[in-house]
Amino acid sequence: MDPSTRVVRPISEADPTFGGLVPPIYPSTTYRRATDGSYPGGHSYSRDQNPTTEPAEQMLATLEEGAEALLFSSGMAAAAALLDSCEPGTHVVAPRHMYWTMRRWFESEVARGRLAGLTLVDATDPEAWRTAFDNRVAPGAPLLAWIETPANPTGDITDLLAVSELAHEAGAVVVADNTVATPAHTRPIEFGVDVVFHSATKQLNGHGDVLAGALVCAAPDALWDRVRHERGYRGAVLGPFEAWLLLRGMRTLFLRVRQSSASAALIADALANHQGLRSVLYPGLSHHPHHDVAARQMHDGFGMLLSIRLRGGAEAARRVLGRLELFTDATSLGSVESLVEHRSMVEGAGTPVPDDLLRLSIGIEHAADLLSDLRQALDPER
Ligand code: PLP
């Protein structure tokens, strides 16, 4: 059965009392204990497990073809639980172009001595990963390879299979941030990744009304056990109402992703040779430098994230952004409405993002409307 069929099947086992097709919301924080000390309902306290969160976790594990999933109160909370579960003295290898808060947080963890080292690489080049693994901070230091593909906001593509193989040879744990691709396009575990990470705040939920994070493991192991405990100790769990909304959002994932991706591809194609643009960064374009790798590991499209680089630098970028009417100037991505952001301004000094770049998150509006809005913003005279 195709995953797009599986996610919309009734989840009736989650409501054994009335047989409802969608699960109820269980707000109770605590559960009755039997006289022998056991929990007949299988639940004790909602910092450890919650019956509304569990079907959402199962659905995500199914979507990613992983063994188990854990939900967190945000993407960053999920990343923190993972990093804190790694061996002391871990060295992280990560892309130079990646979600900026994650990169800055890695940097701050090194500065505070909580990570032994961090190497930022040109993630599109497997050899750069190999060199970074070889030159870790100390021979034999535990390694974490953090992949993000397509990268936010440049759309850089990392070869999941090649980097996973190299990382495993070096003894690294491999994590892939699959927020931008979503399992509707890429299932990183198929390519050897150990743990899939999500900001579920984005397209997994898809409606801009839930902050959530997730981890999915290929196979439970000692690291996964520590992650589960870490979540319980810190209490960075997702509340039952948010878990329920996320579950509802995931059931329409494929529809939304197909629509947004098809529109992004159409817009990228239509603007690829626009005179006002230095370039359109979209892995679906056949002339994208890593299109072949993207085509190997992405199916049914190339995602909703596309960036444009303006001739005329930061000023031109700000001008175009100011003329857009359908795209809202707001942070985040992967919701039903299209968003635009001047990333270098947001990220500030030290960002590797060029100052002429506008990041577009393509929503589910009609593609023709989005394209004509971009055209009028780029060519106000016409
Ligand atoms: N990873 C990517 C690619 C993101 O875009 C974001 C948020 O924008 C995150 C991780 C962090 O997730 P959250 O905002 O849910 O903590």
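Cut-offs applied
Residues numbered from 1 in each chain as written. Predicted model: local features only at pLDDT ≥ 70, side-chain atom pairs only at ≥ 80, totals over all residues. Heavy atoms only, no water. Core = buried A, V, L, I, M, F, W, Y, C linked by side-chain atoms within 4.5 Å. Buried < 20%, exposed > 50% of the residue type's maximum accessible area, 1.4 Å probe, protein only. Helix = DSSP H or I, 4+ residues; strand = E, 2+ residues; numbered from the N terminus. Contact = heavy atoms within 4.5 Å. Arc of directions from axis to C-beta. Polar contact = N/O pair within 3.5 Å; in protein donor to acceptor, adjacent residues only side chain to side chain. Lys, Arg positive; Asp, Glu negative; His and termini not counted. Salt bridge = Lys/Arg side-chain N within 4 Å of Asp/Glu carboxyl O. Pairing = 2+ DSSP bridges. Axes fitted to C-alpha atoms, helices over the stretch in contact; angles between N-to-C directions. Near = heavy atom within 4 Å. Areas by Shrake-Rupley, 256 points an atom, 1.4 Å probe, with all protein chains shown as cover. Nonpolar A, V, L, I, M, F, W, Y, C, P; charged D, E, K, R; others polar. Left-handed = near helix turned anticlockwise from the far one by under 90°. Phe/Tyr/Trp six-rings, centres within 6.5 Å; stacked < 30°, edge-to-face > 60°. Lys NZ or Arg CZ within 6 Å of the ring centre and 35° of its normal.

Time to look at the nonpolar core. The biggest cluster of nonpolar side chains holds 47 residues, and the ones touching the most others in it are Leu60, Trp129, Phe133, Leu246 and Met250. No other element matches the five residues that helix α2 (residues 53-64) contributes to this core. Once you skip the residues sitting within four places of it in the chain, Met250 turns out to touch Val7, Ala56, Met59, Leu60, Leu63, Leu204 and Arg256. In terms of nonpolar packing, the next biggest core, distinct from the first, is built from 36 residues, Val180, Met304, Ala316 and Leu358 among them.

Those residues of helix α5 (residues 126-134) that sit buried are Ala128, Trp129, Ala132 and Phe133. Taken end-on, α5 shows its buried residues confined to a sector of 135 degrees, consistent with a single buried face. The secondary structure elements touched by the buried residues of α5 are β2 (91-95), β3 (117-121), β4 (143-148) and α6 (160-169). Looking at where α5 begins, the residue whose side-chain oxygen comes 3.0 Å from the main-chain nitrogen of Glu127 is Asp125.

Attention now moves to the side chain of Asp177. Assignment of secondary structure puts Asp177 in strand β5 (residues 173-177). Lys202 provides the closest opposite charge to the buried, unpaired Asp177, separated from it by 8.6 Å. At a separation of 2.5 Å, a polar atom in the side chain of Asp177 contacts the side chain of Thr179. If we ignore the near neighbours within four places in the chain, the residues touching Asp177 are Trp146, Ile147, Glu148, Thr149 and Phe197.

The five strands lie next to each other as β8-β9-β12-β11-β10, forming an open sheet whose pairing is mixed. The sheet is open, and its two borders are formed by β8 (277-281) and β10 (328-329), each paired with just one other strand. The pairing of β10 with strand β11 (residues 339-342) spans two bridges and is parallel. Note on β11: the bridge partner recorded for Thr328 is Leu339. Here helix α12 (residues 313-323) sits on the sheet and contacts β9 (305-310), β10, β11 and β12 (357-361); the angle it forms with β11, its principal contact strand, is near 155 degrees.

The next thing to look at is the site of the ligand. Around the ligand sit 14 residues, and of these Met76, Asp177, Ser199, Thr201 and Lys202 come closest. Between the ligand and Gly75 there is a distance of 2.9 Å, counted from an oxygen atom to a backbone nitrogen or oxygen. For the ligand, an oxygen atom lies 2.8 Å from a polar atom in the side chain of Ser199. For the ligand, the accessible surface in isolation is 390 Å², of which the surrounding protein chains cover 92%. The set of elements that each furnish at least two residues to the shell around the ligand consists of α3 (75-85) and β6 (195-199). By residue class, the composition of the shell around the ligand is five nonpolar, six polar and three charged.

Our next topic: the packing of α2 against helix α9 (residues 240-251). α9 packs onto α2 with a crossing angle of 30 degrees between their chain directions and a minimal axis gap of 8 Å. Handedness of the α2/α9 crossing: left-handed. Every residue of α9 that contacts α2 at Thr53, Pro55, Ala56, Met59, Leu60 and Leu63 is listed here: Ala243, Leu247, Met250 and Arg251. Residue composition of the contact of α2 with α9, grouped by class: eight nonpolar, one polar and one charged.

With that out of the way, let us pick up the packing of aromatic side chains. Applying the stated criterion across every chain, the model contains four aromatic pairs. Relative to Trp146, the ring of Phe106 has its centre 5.5 Å away and its plane inclined at 75 degrees; by these criteria the two rings are edge-to-face. A residue pair is termed long-range when its members are at least 10 positions apart, and Phe106 in helix α4 (residues 100-111) and Trp146 in strand β4 qualify at 40 residues. Of the two residues examined, Phe106 and Trp146, each falls in the buried class. Pairing Trp129 with Phe133 gives two aromatic rings, centres 6.2 Å apart and planes at 45 degrees, and the pair type is tilted. Pair noted here: Trp129 and Phe133 are both in helix α5, with a separation of four residues, about one helical turn. Overall, Phe133 belongs to the buried group, its relative accessible area being 2%. In this structure an aromatic cluster arises from ring pairing among Trp105, Phe106, Trp146 and Phe197. The aromatic ring of Phe72 is capped on one face by Arg231, whose charged end is 5.8 Å from the ring centroid.

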